[in-house]
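Residues per chain, in single letters:
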Amino acid sequence: MVRPCTAALDRAGSVRAVPHDPLPPDPFAGDPDDPSMALGDHDAGFAPPLGDEEQAELLADLTDLSVYQALLEPRGVRGIVVDCTDCGESHYHDWELLRASLEQLLHDGRMRPHEPAYDPNPDDYVTWEYCRGFADGVTESENETSR
């Protein structure tokens, strides 16, 4: 787990909030005449509830994501690239999209499909591992200068 570096901390020592737009509310939530019911996969019990360990991991990922965004977005990084094992392609997630997806997974136990980034520039995205290494490097550098 990456320890937040002081560059991404506010005066109280906690990770600064990075503003984002949450997913919009479902306009048909609770409506028995919801037109999407005809599409199937409408059973709320479809995804088993997340266990305590899975929830803790998602919360840690959300915390890490905030640190990574605070460190890398000012340097021009738009988000994270994930190599999909299902289709063999790279998927590009802007910071806000990835955050919304992780929050949805935390609350609903699954993620809704979303539109992929349109014509992303691969140079604008980095892997999760790169983010972790970058944050570790910043933390180590700050630890050395504070000695």
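Refer to the structure above for everything that follows.
Report follows, based on the coordinates. Residue indices follow the written sequence of each chain, beginning from 1 at its first position. Residues qualify for local features only when their pLDDT is at least 70, as the model is predicted, and side-chain atom pairs are given and counted only at 80 or more; totals for whole chains, interfaces and linings, by contrast, use all residues. To get the side-chain values, take all heavy atoms of the structure and skip hydrogens and water.

This next bit is on the nonpolar core. One broad rule of soluble globular proteins: the nonpolar side chains tend to lie buried together. Here, nonpolar core refers to any group of buried Ala, Val, Leu, Ile, Met, Phe, Trp, Tyr and Cys residues whose side-chain atoms link them within 4.5 Å. With a 1.4 Å probe rolled over the protein chains alone, any residue whose accessible area is under 20% of its type maximum counts as buried; one over 50% counts as exposed, and the rest are partly exposed. Ranked by internal contacts, the top residues of the largest apolar core, which has 20 residues, are Leu65, Tyr68, Leu72, Ile80, Trp95 and Cys131. Secondary structure elements are taken from DSSP: a helix is a run of H or I of four residues or more, a strand is a run of E of two residues or more, and numbering for both begins at the N terminus. Every element with two or more residues in this core is listed here: α1 (52-72), α2 (95-108) and α3 (128-145). The element contributing the most residues to this core is α1, with seven residues. Note on contacts: a residue pair is in contact if any heavy atoms of the two residues lie within 4.5 Å. Residues within four places of Trp95 in sequence aside, it is in contact with Leu65, Tyr68, Gln69, Leu72, Glu73, Val77, Arg78, Gly79, Ile80 and Cys131.

To estimate the expected span of a helix, subtract one from its residue number and multiply by 1.5 Å. Between the first and last C-alpha of α3 there are 26 Å, a value that for 18 residues agrees with the 26 Å anticipated at 1.5 Å per step. Every buried residue belonging to α3 is among Trp128, Cys131, Ala135, Val138 and Thr139, and all of these are buried. Down the axis, α3 shows its buried residues gathered within 95° of arc, on one side only. In α3, the exposed positions that point more than 90 degrees away from the buried face belong to Glu129 and Thr145. Tucked inside the fold, the buried residues of α3 contact α1, β1 (79-83), α2 and β3 (125-126). Throughout, the arc means that of the directions going from the helix axis to the C-beta atoms.

Here Ser101 lies in helix α2. In this structure Ser101 touches Met111 and His114, once residues within four positions along its chain are discounted.

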